[in-house]
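# Close look at the chain arrangement
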Amino acid sequence: MTLASVSSAFAAADYAALAQTTNTVSIDNVVVEVIAPPAASSGTFSIALANVDAVASGQIRFTYDAAFGLQITDAQLTSRGTGFSLNKSPYATGNPALLGYQVLFFNLSSLTIAPGTGAILTISYTTTANASGSIPLTFTQAILSNAAAQALPVTTVNGSFTRTILQPTATP
């Protein structure tokens with residue numbers, strides 16, 4: 001049996017405060033609990049955008065520990081990105097201890113992501129049965145552009161992935 005929960009890196013009030021002053025991209029803090037004996041697991045987590053500027057495109061790259069047993073398998077735009085195109089893939093980090101994943105979102109018309117707060121990407125993952133512990137999910141790049149293809153200021157907030165294997169409790 002697998003129990004999984006995902007907690008956001010920031011509360012909604014924190015997103016609102018950030019969105020008043022800057023464009024911020026953040027990765028969830030993911031917490032997964034599985035009952036021993038462990039099995040492989042899968043799930044999703046979010047990358048959020050709190051933005052004051054209209055965003056026409058973006059490129060996001062993040063890394064994670066290669067030895068942990070986590071594999072990013074997909075990325076999808078949320079409803080905030082309706083009408084946008086998405087390219088996603090693993091990328092070579094140049095460090096054998098780190099795996100990387102990159103996402104590029106864009107549109108070929110005049111669509112923009114309106115200023116606001118909330119998830120922009122849903123990231124799918126799998127884990128190996130014995131993956132256990134906590135690892136950082138670290139941004140290596142976050143580029144946002146407006147409709148005139150001008151770079152927008154952006155701040156990043158890294159997340160984490162924690163997987164705990166719980167011992168079963170005896171039932172009387």
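Residues numbered from 1 in each chain as written. Predicted model: local features only at pLDDT ≥ 70, side-chain atom pairs only at ≥ 80, totals over all residues. Heavy atoms only, no water.

Trans is the prevailing form of peptide bonds, just as negative phi is the prevailing case for residues other than glycine. In this structure, Pro37 follows Ala36 across a cis peptide bond, with omega equal to -5°. Here Pro37 shows up in the loop between strand 3 (29-35) and strand 4 (41-51). The backbone phi angle of Ala149 is positive, close to 65°, even though this residue is not glycine. (Helix = DSSP H or I, 4+ residues; strand = E, 2+ residues; numbered from the N terminus.)

With that settled, the discussion passes to the sheet that holds strand 2 (residues 24-27). The sheet built from five strands is open, its strands ordered 6-9-4-2-12 with mixed pairing. Single-partner strands in this sheet number two, and they are strand 6 (70-77) and strand 12 (155-157). Put simply, the sheet's adjacent strands are angled 20° from each other on average, direction ignored. Across three bridges, strand 2 lies against strand 12 in parallel orientation. Paired with Ser26 across the bridge in strand 12 is Val157. (Pairing = 2+ DSSP bridges. Axes fitted to C-alpha atoms, helices over the stretch in contact; angles between N-to-C directions.)

This brings us to the packing of aromatic side chains. Under the definition given, this model contains seven aromatic pairs. Seen from their ring centres, Phe45 and Phe62 are 6.4 Å apart, and the 70° between their planes marks the pair as edge-to-face. Here Phe62 lies in strand 5 (residues 57-65) and Phe45 lies in strand 4, a separation of 17 residues in the sequence. By relative accessible area, Phe62 is classed as buried at 1%. Taken together through their ring pairs, the aromatic side chains of Phe45, Phe62, Tyr64, Phe68, Tyr101, Tyr125 and Phe161 make up a single cluster. The side chain of Arg61 reaches across the aromatic face of Tyr91, ending 4.0 Å from its centre. (Phe/Tyr/Trp six-rings, centres within 6.5 Å; stacked < 30°, edge-to-face > 60°. Buried < 20%, exposed > 50% of the residue type's maximum accessible area, 1.4 Å probe, protein only. Lys NZ or Arg CZ within 6 Å of the ring centre and 35° of its normal.)

Function cannot be inferred from these measures alone, as they are strictly geometric.
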